[in-house]
Amino acid sequence: MRNAKEVADPTARDHATLSRMLADADTLCGTQDALMAGQYRFLRGRIAALLALATPVDSAESAP
Amino acid sequence: MSTHAQTSVGRDAADIPFMDSARLARLASLSRGELESLQLRKLRHQLARLHVSSGYYRRRMNAAGLAPDAIGSLDAFCKSFPLSSKADFLADQTEHAPFGDRLGISRSDVALVNMTGGTSGQGQEIYGRSQRDVHMQGYYHALPWFLAGLRPGDIAVNCVPSGGLTTGGWGPGEGLRIIGATAFHVGGTLSTDAKIDLMLRIGEVNFIYASTNYLHTLTEALLRRGLEPKRAFPTLRTLFIAAEGYPIEWAQRIETLWGCRLQEGYGSTQCAGFGASTCADGAITRAGGRGLMHMFEWETLFEVLHPTTLEPVASGETGELVVTNLAIEGSPVIRFRTGDSARFISYRDTAAGRAWNAIECGTVGRFDDMLKIRGNNVWPSAIDAAVFSYGEVAEYAGRVYTSADGKTEIEMRLALTDAAAAMEPAARERIIEAIRATIKERTNLWMVLTQCQRSELPEFSYKARRWKDERQQGYRL
């Protein structure tokens, strides 16, 4: 469910989407399947980087 | 072919990347105060993380009495955070092999290992990058190329050798994938003529990435075959170079021959890719002067310092680049002295309308006597160590130059001791070949060695200056 700010601001929308994806990737990284574990970490790394790159410039949370 | 050319009609080339990306437009619109606030927020986060995860940086912060969350300004950081050097990193790696205590992430999270060339004679810095960093390194290549006009679906030819242990071997591949370009990684795998044959078969090449010297070699080879680059590759929009300096006249001639803009980037392993680029403005200005490489300061904090006083240089002056990674988590550098010299241009003097500081194109060099030769960083001290490990050598002199066919050549004239000079020719030849092989082993470079009389070489009464770099004179097309 998107809030009004996300709908109005594409940057906020992308950031919120990636935040949710990162939480999902963290869940995937908890897998006990060793073959999938590295691939999920690969996916998580990509999402984490994109989250950093898509963080709104004016955000107080402009963390690496 | 991409539709970029069609959509660019009526738009100023320098403005296009900022019209095509809202995020870039926002970064371009930041005031200097806003940009520095962003840097400070990211810096505090980086330092807080490293205070917990990196013994090397925690010790430096504690020694300086710095608490990450108490750093009130960039100025306070730059005045109080201790500088690091290559020697500091090598000592750290020796004590905490292999990555050093500066790693900043769990060893098991290292997904890519990059090393510096090892040709300094001092040792190789080791960098352990996380999965997240692998993407960031790609982004630090994609960003300047996007700014230079590369777009999804474009055909790109990467002439820089791929893979191996260097950042430059991995970052371009990631960067081209991130952009969505169709990449041909021809560097190090095909001869120059084979590259040209392939490019002709591809036809619609939009982007070429190469070292300065290799672009020269490629251009020469095309001309030798009677091919005019701009007619052979009419869809080419961007030539992007890095790594070596060049005369303005050469850059002008390249643009004329290829019929497109020449763009340049400044990058390094310490920057985890490119830290600055010409954007879409070109390596030479419309008026014929040297262009500017605008720094991506929201990703990398740059200082340009006088190498002796360590005070910031004024706009227009040359200083040493000191870099701090704001967004790299594995083996980040914090106030690292690169040894690279660059002419600093304040954002106020760039006329670009952005708050990004800049450095001049085509003139990035070294404060020490390091030579960049065919993509290798070579210190004369390392060559000295190789040559003078043979007691038969009295003195030598070397020069790097651009040959008539556009290749970088290295010539060394050797004078043997009187006793060695009196040996049979075959014995002397064996010694010279052995020296040549030792130099190759230490520097990764083959050199042409010739024997001469001791009297033909200079006497050094103070600091030996055995090397001459004559490549700038050689870039003639």
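Residues numbered from 1 in each chain as written. Chains lettered and ligands numbered in written order. Predicted model: local features only at pLDDT ≥ 70, side-chain atom pairs only at ≥ 80, totals over all residues. Heavy atoms only, no water.

Asks: Requested: an account of the overall build of chain A, with residues and values cited.
Replies: The helix and strand tally for chain A stands at three helices and zero strands. The buried share of chain A, reckoned over its 64 residues, is 34%. A separation of at least 24 residues holds for 41% of the contacts in chain A among residues at least 6 apart in sequence. (Helix = DSSP H or I, 4+ residues; strand = E, 2+ residues; numbered from the N terminus. Buried < 20%, exposed > 50% of the residue type's maximum accessible area, 1.4 Å probe, protein only. Contact = heavy atoms within 4.5 Å.)

Asks: Describe in detail the nonpolar core, supporting the description with residues and values.
Replies: With 65 residues, the main nonpolar core has Tyr57(B), Ile208(B), Leu215(B), Leu239(B), Trp258(B) and Leu262(B) as its most contacted residues. With six residues, the top contributor of residues to this core is helix H13 (residues 248-258) of chain B. In terms of nonpolar packing, the next biggest core, distinct from the first, is built from 37 residues, Val57(A), Leu24(B), Ala156(B) and Phe240(B) among them. (Core = buried A, V, L, I, M, F, W, Y, C linked by side-chain atoms within 4.5 Å.)

Asks: Provide a residue-level description of helix H11 (residues 212-224) of chain B, including the pertinent values.
Replies: Residues and elements named next belong to chain B. A rise of 1.5 Å per residue sets the reference length of H11, with its 13 residues, at 18 Å; its end C-alpha atoms lie 19 Å apart and thus fit the reference within 8%. Of all 13 residues that make up H11, 11 are buried, and the element is covered over most of its length. All of the buried residues in H11 are Thr-212, Asn-213, Tyr-214, Leu-215, His-216, Thr-217, Leu-218, Thr-219, Glu-220, Ala-221 and Leu-222. Two to three positions downstream of the cap, the backbone nitrogen of Tyr-214 sits 3.0 Å from a side-chain oxygen, assigning the N-cap of H11 to Ser-211. Looking one or two residues past H11, Gly-226 carries a phi angle of roughly 75°, positive in sign. (Expected span 1.5 Å × (residues − 1). Polar contact = N/O pair within 3.5 Å; in protein donor to acceptor, adjacent residues only side chain to side chain.)

Asks: How would you sum up the environment of Val323(B)? Please name residues and give values.
Replies: Residue and element names in this part refer to chain B. In this structure, Val-323 sits in strand S11 (residues 318-325). On the basis of relative accessibility, which here comes to 0%, the residue Val-323 falls in the buried class. Not counting the four nearest positions on each side in its chain, Val-323 is found in contact with Gln-270, Cys-271, Thr-300, Leu-301, Phe-302, Val-333, Ile-334, Arg-335, Phe-336 and Thr-338.

Asks: So what about a nonpolar patch on the surface? Which residues, and what values?
Replies: All names here are of chain A. Together, Leu-28, Phe-42 and Leu-43 line one region of the surface with nonpolar side chains, adding up to about 240 Å² of accessible area. Within the secondary structure layout, Phe-42 lies in helix H3 (residues 34-53). Looking at Phe-42, the relative accessible area reads 40%, which means it is partly exposed. (Patch = residues over 30% accessible without salt bridge, like charges linked within 9 Å, V, L, I, M, F, W, Y side chains within 5 Å. Areas by Shrake-Rupley, 256 points an atom, 1.4 Å probe, with all protein chains shown as cover. Salt bridge = Lys/Arg side-chain N within 4 Å of Asp/Glu carboxyl O.)

Asks: Please provide a residue-by-residue account of the sheet that holds strand S19 (residues 448-451) of chain B, values included.
Replies: The strands that make up a sheet are held in pairs by hydrogen bonds between backbone atoms, and each pair lies either parallel or antiparallel. Residue and element names in this part refer to chain B. Strand order in the open sheet formed by four strands is S19-S18-S17-S20, and the pairing between neighbours is mixed. Every interior strand has two partners, whereas the edge strands, S19 and strand S20 (467-469), have only one. With direction set aside, neighbouring strand axes in the sheet form an average angle of 15°. Across three bridges, the pairing between strand S17 (residues 393-402) and S20 is parallel. Bridge pairing links Arg-399 to Lys-468 in S20. With respect to the sheet, helix H16 (residues 425-443) is in contact with S17, strand S18 (408-416) and S19, its orientation differing from that of S19 by roughly 150°. (Pairing = 2+ DSSP bridges. Axes fitted to C-alpha atoms, helices over the stretch in contact; angles between N-to-C directions.)

Asks: I'd like a description of the confidence of the model for chain B, backed by residues and values.
Replies: Residue and element names in this part refer to chain B. Confidence along chain B averages 91 in pLDDT terms, with 94% of residues attaining 70 or more. Low pLDDT (under 50) marks residues 1-9, which in the prediction has 13 contacts with non-local residues, meaning those over four places away or in another chain. Model confidence for the complex: the whole-complex pTM is 0.84, and ipTM, which rates the interface, is 0.89. (pLDDT = per-residue confidence, 0-100.)

Asks: Explain the pairing of strand S5 (residues 207-211) of chain B residue by residue, including any values.
Replies: A regular strand carries its side chains on alternate faces of the sheet. All names here are of chain B. Burial analysis of S5 places four of its five residues in the buried class, the great majority of the element. Looking at chain direction, strand S3 (residues 155-158) and S5 are connected through three bridges and run parallel. Pairing of Val-157 across the sheet is with Ile-208, part of S5. Looking at chain direction, S5 and strand S6 (residues 238-242) are connected through five bridges and run parallel. Within S6, the position partnered with Tyr-209 by the bridge is Phe-240.

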